[in-house]
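# Working through the structure, step by step
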Amino acid sequence: MMTRREPDRPEAHGGQVRAIMRHFPDAPRPFIDLSTGINPQTYPLAMPSLQTLARLPETDEEDDLREAAAAAYGAADPDMVATGPGSQSLISLLPRIVTASSACILGPTYSGHATAWQQSGMAVRNVVDPDDLVRQSAEPGTVCIVCNPNNPDGRILSAAILRDLADRCASHGNHLVVDEAFADFDGESLIPALPHPGLIVLRSFGKTYGLPGVRLGFLLASPETAERTRNLIGAWPVGSLALAAGRQALRDARWLDRARLAASRAKDRLTGLLEAAGLRHEGHARLFTLLRTDDAPELWAHLCRHGIATRRFSAQPDALRLGLPGDEQAWVRLDHALHAWRGRSP
C-alpha cells in the first residue's frame, strides 16, 4: 500500500495521534504517543458515581478541591487558588486577568502563551536570554512569562532568580506569570512566595497524574487576583469528574512520590536509548527530553512509520521532543525504531 503524503506542518500541540497517523497507514498499531510529555502512569482514580454526575457540583466540593490544591502546591491559603478546565483555559484568560499592554515571553516555549496575548491584540516579544526578560520587566504595562521547567527544552530557572524577577515586575507595576505545568516532577515552585503583588503561578493536573482528559488546572496568585479569576470563569468552573479526580489525587502524596521515582528511572532509560542511537539530547525535565539533529524531520517520519508519534516544532526544525513510553511494549518498539535509525544507509 502506498504511504500517504506526510503532513507538511507540525501540529500546534502534542497529541492528535490519529490525525498524524492517517498519513502513515502501514504503521503498526496501537500507535504510541510520545508527543505530549504527559505522565504515562495514570493515577488509579476511583470514579464518581452516576448519581454524582447527574447533579451540578456543590460549592463545598469546589472549596474542598481548592483546599486540596493549596495544600499540595504549598499555598498558604485556598483563597489564593482558582480552578479551571485545564491550565490552557487559564492561559487564554490571562489577558483579562492581568492589566497589560504587552507580553514578554522567555522562549522558545509553549506557544499557547503567545497565542493568548496575540489574540487579545497585545504586542508580544519573545526573548531567549533571561537578562533580556529582566530588562523588559521595567517597561510599563509589561507582563513577563516564564515556563519553569520550560517546555520543550527542559530548562529550569532557580526559584531565587524568579523571585527576584517577580519583585522587579511588582516594583514597576507589572506581573510575572510562571507556568509550572511540569513542576510536580522537577524544579522549585514559586508558590510559597505567594501572596505577592506581581506574581501568578499556573499548575497543570493532567500532566502529573496522567489524566489530561479530566481537564483540570489551577491558577495561584494573591487572593484578589484569584477571586478576579474565579469571577471571570463563573459558576461551576470544573465538572464533577475533575472535582473527584483532583480531591483524590492531590491528597495522595505517596502516589506522587512513587510517580516521581518511576519517571526518573524512565527518563534515564529514554536518554540511554537516544545515546545508543547516537542522538544528542538536552533538558532536565523528567517527563520528556528534547533531541537535536539536522535530520529531525526524517527521524520524525521514521518514528511515525514505526507507529510512534513525537513532537516536532516549526520554529525549531532540528528538534524533536519525546515523552516517556508507558509500557514495555512501547519501550521495545522505540528501541527497535531507534536501532533501525542508527543502522540506516546514508
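So, here's what we can say about the structure.

Criteria and thresholds
Residues numbered from 1 in each chain as written. Predicted model: local features only at pLDDT ≥ 70, side-chain atom pairs only at ≥ 80, totals over all residues. Heavy atoms only, no water. Helix = DSSP H or I, 4+ residues; strand = E, 2+ residues; numbered from the N terminus. Rg over C-alpha atoms; globule rule 2.2 N^0.38 Å. Buried < 20%, exposed > 50% of the residue type's maximum accessible area, 1.4 Å probe, protein only. Contact = heavy atoms within 4.5 Å. Areas by Shrake-Rupley, 256 points an atom, 1.4 Å probe, with all protein chains shown as cover. Lys, Arg positive; Asp, Glu negative; His and termini not counted. Charge placed at Lys NZ, Arg CZ, Asp CG, Glu CD. Pairing = 2+ DSSP bridges. Axes fitted to C-alpha atoms, helices over the stretch in contact; angles between N-to-C directions. Salt bridge = Lys/Arg side-chain N within 4 Å of Asp/Glu carboxyl O. Polar contact = N/O pair within 3.5 Å; in protein donor to acceptor, adjacent residues only side chain to side chain. Expected span 1.5 Å × (residues − 1). 1 Å grid on protein atoms, 1.4 Å probe; cavity = no way out; pocket = protein on both sides within 12 Å on 5 of 7 lines; lining within 4 Å. Points joined across faces, edges and corners; volume = space filled by probe spheres on them. Nonpolar A, V, L, I, M, F, W, Y, C, P; charged D, E, K, R; others polar.

On to the overall build of the chain, then. Helix and strand content of the chain: 13 helices and 13 strands. Here the C-alpha atoms of the chain give a radius of gyration of 21 Å, agreeing with the 20 Å that 2.2 N^0.38 yields for 346 residues. The principal-axis extent of the C-alpha atoms belonging to the chain is close to 60 × 55 × 35 Å. Going through the 346 residues of the chain one by one, you find that 52% of them count as buried. Relative to all contacts within the chain whose residues are 6 or more apart in sequence, the contacts with residues 24 or more apart total 70%. Element-wise, carbon and sulfur atoms account for 50% of the exposed surface of the chain, whose accessible area totals about 15600 Å². Of the charged side chains in the chain, 37 are positive and 40 negative; the average position of the first set lies 5 Å away from that of the second.

With that settled, consider the sheet that holds strand β12 (residues 311–313). Reading across the sheet, the four strands line up as β9-β10-β13-β12 and stay open at both edges, with antiparallel pairing between neighbours. Among the strands making up the open sheet, the edge pair consists of β9 (280–282) and β12. Ignoring strand direction, the axes of neighbouring strands in this sheet form an average angle of 30 degrees. As paired strands, strand β10 (residues 288–292) and strand β13 (residues 316–323) are joined by five bridges and run antiparallel to one another. Residue pairing in the sheet places L291 in a bridge with L320 of β13. Here helix α12 (residues 296–305) sits on the sheet in contact with β10, β12 and β13, set at roughly 35 degrees to β13.

Glancing now at the pattern of salt bridges. One pass over the structure, following the stated rule, counts 15 salt bridges. Note that R247 is salt-bridged to E61, the shortest N-O span being 4.0 Å. With R247 in helix α10 (residues 240–249) and E61 in helix α3 (residues 59–73), the pair connects residues that are 186 residues apart, well separated along the chain. Residue R247 is classed as partly exposed on the basis of its relative accessible area of 28%.

Let's shift gears to the environment of R29. Counting through the fold element by element, R29 comes out in the loop between α1 (17–21) and β1 (32–33). Residue classification places R29 among the partly exposed residues on the basis of a relative accessible area of 49%. Once the C-alpha coordinates of R29 and H306 are considered, the two residues, 277 residues apart in sequence, prove to be 8.9 Å apart. Here the side chain of R29 touches P25 through a polar contact of 3.1 Å, landing on its backbone oxygen. Reaching out from R29, the side chain makes a polar contact with the backbone oxygen of A27 at a distance of 2.9 Å.

Further remarks concern the sheet that holds strand β7 (residues 199–204). With respect to topology, seven strands assemble into an open sheet ordered β2-β8-β7-β6-β5-β3-β4, the strand pairing being mixed. The outermost strands of the open sheet, each flanked by one partner alone, are β2 (81–84) and β4 (123–127). Pairs of neighbouring strands in the sheet enclose a mean axial angle of 20 degrees, with direction left out of account. Pairing of β2 with strand β8 (residues 217–220), which is carried by four bridges, proceeds in the antiparallel orientation. Following the sheet pairing, V81 is matched in β8 by L220. Sheet strands touched by helix α7 (residues 159–171): β5 (142–147), β6 (175–179) and β7. Its angle to β6, the strand with the most contacts, is close to 150 degrees.

Further remarks concern helix α11 (residues 253–276). If you check α11, its first and last C-alpha atoms are 35 Å apart, about what 24 residues at 1.5 Å a residue would give, namely 34 Å. Turning to α11, its buried residues number three or more, namely W255, L256, A259, A263, A266, K267, L270, T271, L273 and L274. In this structure, the buried side of α11 is in contact with α8 (206–209), β9, β10, β13 and α13 (328–342). Taken from the residues just after α11, G278 is the one with a positive phi, measuring 75 degrees.

Moving on: the layout of surface pockets. In this model, the second largest pocket occupies a volume close to 300 Å³. Secondary structure elements with two or more residues in the lining of the second largest pocket: β1 and α13. Ranked by residue count, the leading element in the lining of the second largest pocket is α13, at three residues. Residues belonging to the lining of the second largest pocket are distributed by class as follows: nine nonpolar, eight polar and three charged.

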